[in-house]
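Coordinate analysis (summary)
Here is how the chains run, residue by residue.
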Amino acid sequence: MNRCSVLVLAAGQGTRMRSRLPKVLHPLAGQPLLWHILRAVRPLQPERLVVITGFQAEAVEQTIAAPDIHWVRQCERKGTGHAVQCALPALKELRGALLILNGDHPLISTEILQQLLDYHHRQGHPLTLLTTRMENPAGYGRVVRDAQGQVACIVEEKDASEAQRAIDEVNTGFYCLSLDRLPHWIGRLDNRNAQNEYYLTDIVPMALAEGGVAAWCCEERIALSGVNDRRQLATLERAFRDRTVAAWMERGVTFVDPESCWVAADAEIGMDTIIEPHVSLGPGTVIGEGCAIGPFCHIQESVIGLECRILSYSHLDGAEVDAECTIGPYARLRPGSRLARKVRVGNFCEVKKSTIGAGTKVNHLSYIGDAQVGSGVNVGAGTITCNYDGVHKHRTVIGDHVFVGSDVQFVAPVQVGVGATIGAGTTVTKDVPADALAISRAHQTHVMGWSEKRKPRS
Ligand code: UD1
Ligand code: CA
């Protein structure tokens, strides 16, 4: 394998996005655009990986942070050529080939980059362009060829004549070139154009004069598409979704209605899991084998074990769910929820920052927050852990095999011993000893004939 260095241009603001967020941090399939580029780059094992930041550089560097990235700042944005100039010191002692990538083409694949690199070495010219044909080339630089079909130059849309705008072969913003020629070319760029920018693309005529330019026209239009505005972002989001879902189906996951589902780039789904319509699996989702995810569930930052059933309309964020649990319908697991095997969390229950032991049932309308609930516990309908006193959060600890009747409040901090029973309607304010019955309920009295006097039956 021919090793290379990689330079990613990510300093631009992305004016056409109309956003406070730098373009390369806009999410696609739950991950920043730049994340996708780096994912494609890393298997090439570049000798050096340089990323140029500028607009909100700190935010970009913090979000993407990784030890293998060599960050370079472009303090003023004067164009793609100027960006490369800013990176030259970081590339100084390197030899061989350099891949330059625009930071706004998130669907690029390792395979295409590898092929570009191979093509570059085969052709042996100091510069290789990666081009493609676009049905709608608007916004891209057009590849102008001479009568013999040889690349002559790249013309930006804003500088292009009517005839040049009709060209459908575009510059993708991916280049491979020999590092030893680069400083010489970059030093000769000027900004005499419609945008008063230093265009990287203006190195083409220089390379032509010094040994030639190769251009590989690759047909993978979607993989080579860029994001300049939110419509293009949405188009690529959809394309990426279709691709991701297809890949999971190939690995043995059923999607009942693939087009209604959304799966983050980094989500993982086990074999024989069935995903019903309108499910969204956000970043950090890991689902085990043989699960069923019901309609309209949203899951993120959560790990779900084997053979779980997540019933419709459930919302899981930051939860760890062991094997064979049943969650929902309409359940909400918030960050720090850790459920052991065979736990059942039913409709309209919320769990937050709590561990729940094996086989425990929290079936109806309950809130379990800042709690440690043992195994084999039955939590009755409408049970609430009162974890917040208006200033601090407190913990509730419930031992194994406790039976909690309906409509119980645990006023934390409070502990319930193993095997205790809590009568329905009890407000637990004191620790309950093991095997005891705790009950706090006003005695029921009867006023005979009261109803009849007040509202005689017709
Ligand atoms: C650029 C190309 C165009 C190509 C298109 C493909 C130039 C002059 N034009 O145009 O031929 O068809 O990409 O998408 O190169 N950037 C910086 N610093 C800057 C300016 C830009 O780092 O000063 C970065 C941006 O963050 C972005 C990339 O370079 O990732 C491309 O910049 P953008 O402004 O989107 O260029 P295009 O107009 O799309
Ligand atoms: Ca662009």
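None of these values were measured; they are calculated from a predicted model. (Residues numbered from 1 in each chain as written. Chains lettered and ligands numbered in written order. Predicted model: local features only at pLDDT ≥ 70, side-chain atom pairs only at ≥ 80, totals over all residues. Heavy atoms only, no water.)

**Some remarks on the coordination of the calcium ion (ligand 2)**
We count it as follows: Each metal's donors are the N, O and S atoms within 2.8 Å of it, or within 3.2 Å when it is Na, K or Ca, and because water is not part of the set, sites may look incomplete. In this description a helix means any DSSP run of H or I spanning at least four residues, a strand means any run of E spanning at least two, and both kinds are numbered starting from the N terminus. Accessible area is worked out with a 1.4 Å probe on protein chains only. A residue is then buried under 20% of its type maximum, exposed over 50%, and partly exposed in between.
Only Asp104 (OD) and Asn228 (OD1) from the protein coordinate the calcium ion (ligand 2), and they sit 2.3 to 2.5 Å from it. In this pair, Asp104 is assigned in the loop between strand S6 (97–102) and helix H4 (110–123) and Asn228 in the loop between strand S11 (213–217) and helix H8 (230–250), connecting sequence segments 124 residues apart. Asn228 carries the same exposure label as Asp104, and that label is buried.

**Details of the site of ligand 1**
Note the following rule: Residue proximity to a molecule or strand is established when one non-hydrogen atom of the residue lies within 4 Å of it. Throughout this description, a polar contact denotes any pair of N or O atoms lying within 3.5 Å of each other; where both atoms belong to protein, one of them has to be capable of donating a hydrogen while the other can accept it, and for residues adjacent in sequence the pair is counted only when both atoms sit in side chains. Note on areas: these come from Shrake-Rupley sampling with a 1.4 Å probe, and a residue is covered only by the protein chains present in the view. Charged residues are taken to be Asp, Glu, Lys and Arg, nonpolar residues to be Ala, Val, Leu, Ile, Met, Phe, Trp, Tyr, Cys and Pro, and polar residues to be all remaining types, Gly included.
By nearness alone, 24 residues border ligand 1, and Gln74, Thr80, His105, Glu156 and Asn171 come closest of all. Between ligand 1 and Ala11, the relevant distance is 2.9 Å, taken from an oxygen atom to a main-chain nitrogen or oxygen of the residue. Bound to the protein, ligand 1 loses 91% of the 760 Å² it would expose on its own. Elements with a minimum of two residues in the shell around ligand 1: strand S1 (4–10), helix H3 (80–91) and strand S10 (169–178). Of the residues in the shell around ligand 1, the class split is six nonpolar, 12 polar and six charged.

**With respect to the sheet that holds strand S18 (residues 292–293)**
For clarity, the cut-off: Between any two strands, pairing holds if DSSP finds at least two bridges.
Strand order in the open sheet made by the 11 strands is S12-S15-S18-S21-S24-S27-S30-S33-S36-S39-S41, with parallel pairing throughout. Lying at the two open borders of the sheet, with one neighbouring strand each, are strand S12 (254–255) and strand S41 (437–438). Note: strand S30 (residues 361–364) against strand S33 (residues 378–379), two bridges, orientation parallel. Residue pairing for S33: Val362 is matched across the bridge by Val379.

**Looking at the domain arrangement of the chain**
Our working rule: Start and end positions for the domains come from either an automated domain assignment or a database one. Contact definition: two residues touch when any of their heavy atoms are within 4.5 Å. By buried area we mean the combined loss of accessible area, with a 1.4 Å probe, across both parts when two parts are placed together.
Taken domain by domain, the chain holds domain 1 (4–224) and domain 2 (252–438). Centre-to-centre separation of domain 1 and domain 2, based on C-alpha positions: 48 Å. On the side of domain 2, six residues touch domain 1, which itself brings six residues to the contact. Counting each side, the surface lost to burial between domain 1 and domain 2 is near 380 Å², with a carbon and sulfur contribution of 60%.

**A closer look at the side chain of Gln31**
Its location among the elements puts Gln31 in strand S3 (residues 31–32). A polar side-chain atom of Gln31 sits 3.3 Å from a polar atom in the side chain of Asp266. Apart from residues lying up to four places away in sequence, Gln31 is in contact with His26, His36, Ala265, Asp266 and Pro283.

**A word on the packing of aromatic side chains**
How two aromatic rings sit relative to each other is set out by the distance from centre to centre and by the angle between their planes. Put simply, the test is: Aromatic rings from Phe, Tyr and Trp, with only the six-membered ring used for Trp, were paired whenever their centres fell within 6.5 Å, and each pair was classed as stacked if the ring planes differed by under 30 degrees, edge-to-face if by over 60, and tilted otherwise. Placement of a positive charge over a ring is assigned whenever Lys NZ or Arg CZ falls within 6 Å of the ring centre and within 35 degrees of the normal to the ring plane.
In this structure the tally under the stated criterion is four aromatic pairs. With a centroid separation of 6.3 Å and an interplanar angle of 25°, the aromatic rings of Tyr119 and Trp216 are classed as stacked. Highlighted residues: Tyr119 in helix H4 and Trp216 in strand S11, separated in sequence by 97 residues. Of the two residues, Tyr119 and Trp216, neither departs from the other in class, the shared state being buried. For the pair Phe296 and Tyr313, a centre-to-centre distance of 5.0 Å together with 5° between the ring planes defines the contact as stacked. With Phe296 in the loop between S18 and strand S19 (298–300) and Tyr313 in the loop between strand S21 (309–310) and strand S22 (315–317), this pair connects stretches of sequence that are 17 residues apart. Here a set of aromatic residues connected by ring pairs shows up, and it is made of Phe296, Tyr313, Tyr330 and Phe348. The ring of Trp248 has Arg251 sitting right over it, with the charged end atom 4.4 Å from the ring centre.

**Concerning the pattern of salt bridges**
Test applied: In the sections that follow, a salt bridge refers to a side-chain nitrogen of Lys or Arg positioned within 4 Å of a carboxyl oxygen of Asp or Glu.
Counting across every chain of the model gives 18 salt bridges. Between Glu58 and Arg73 there is a salt bridge; the shortest N-O distance is 3.8 Å. Remark: Arg73 occurs in strand S5 (residues 69–73) and Glu58 occurs in helix H2 (residues 57–64); sequence separation between them is 15 residues. For Arg73, a relative accessible area of 39% corresponds to the partly exposed category. Taking the shortest distance from any N to any O, the salt bridge between Asp168 and Arg133 comes out at 3.0 Å. Pair noted here: Asp168 is in the loop between helix H5 (162–165) and S10 and Arg133 is in strand S7 (residues 127–133), with a separation of 35 residues, a long-range link.

**Observations concerning the environment of Pro258**
Note that Pro258 resides in the loop between S12 and strand S13 (262–263). Pro258 gets classed as partly exposed once you look at its relative accessible area, which sits at 26%. Pro258 sits 20 residues away from Arg238 along the chain, and the two C-alpha atoms are 11 Å apart.

**Section: the pairing of strand S27 (residues 344–347)**
Bridging between strand S24 (residues 326–327) and S27 involves two bridges; their strand directions are parallel. Residue pairing across strands places Thr326 opposite Arg344, the latter belonging to S27. Where S27 lies against S30, three bridges are found, and the strand directions are parallel. Residue pairing across strands places Asn347 opposite His364, the latter belonging to S30.

**Observations regarding the sheet that holds strand S38 (residues 414–416)**
The pairing of strands in a sheet happens through backbone hydrogen bonds and is either parallel or antiparallel. Taken together, nine strands build an open sheet; the order of strands is S14-S17-S20-S23-S26-S29-S32-S35-S38 and the sheet is parallel. Bordering the open sheet on either side are strand S14 (268–269) and S38, each of which pairs with just one other strand. With three bridges joining them, strand S35 (residues 396–398) and S38 adopt parallel strand pairing. Directly across from Val397, in S38, lies its bridge partner Gln415.

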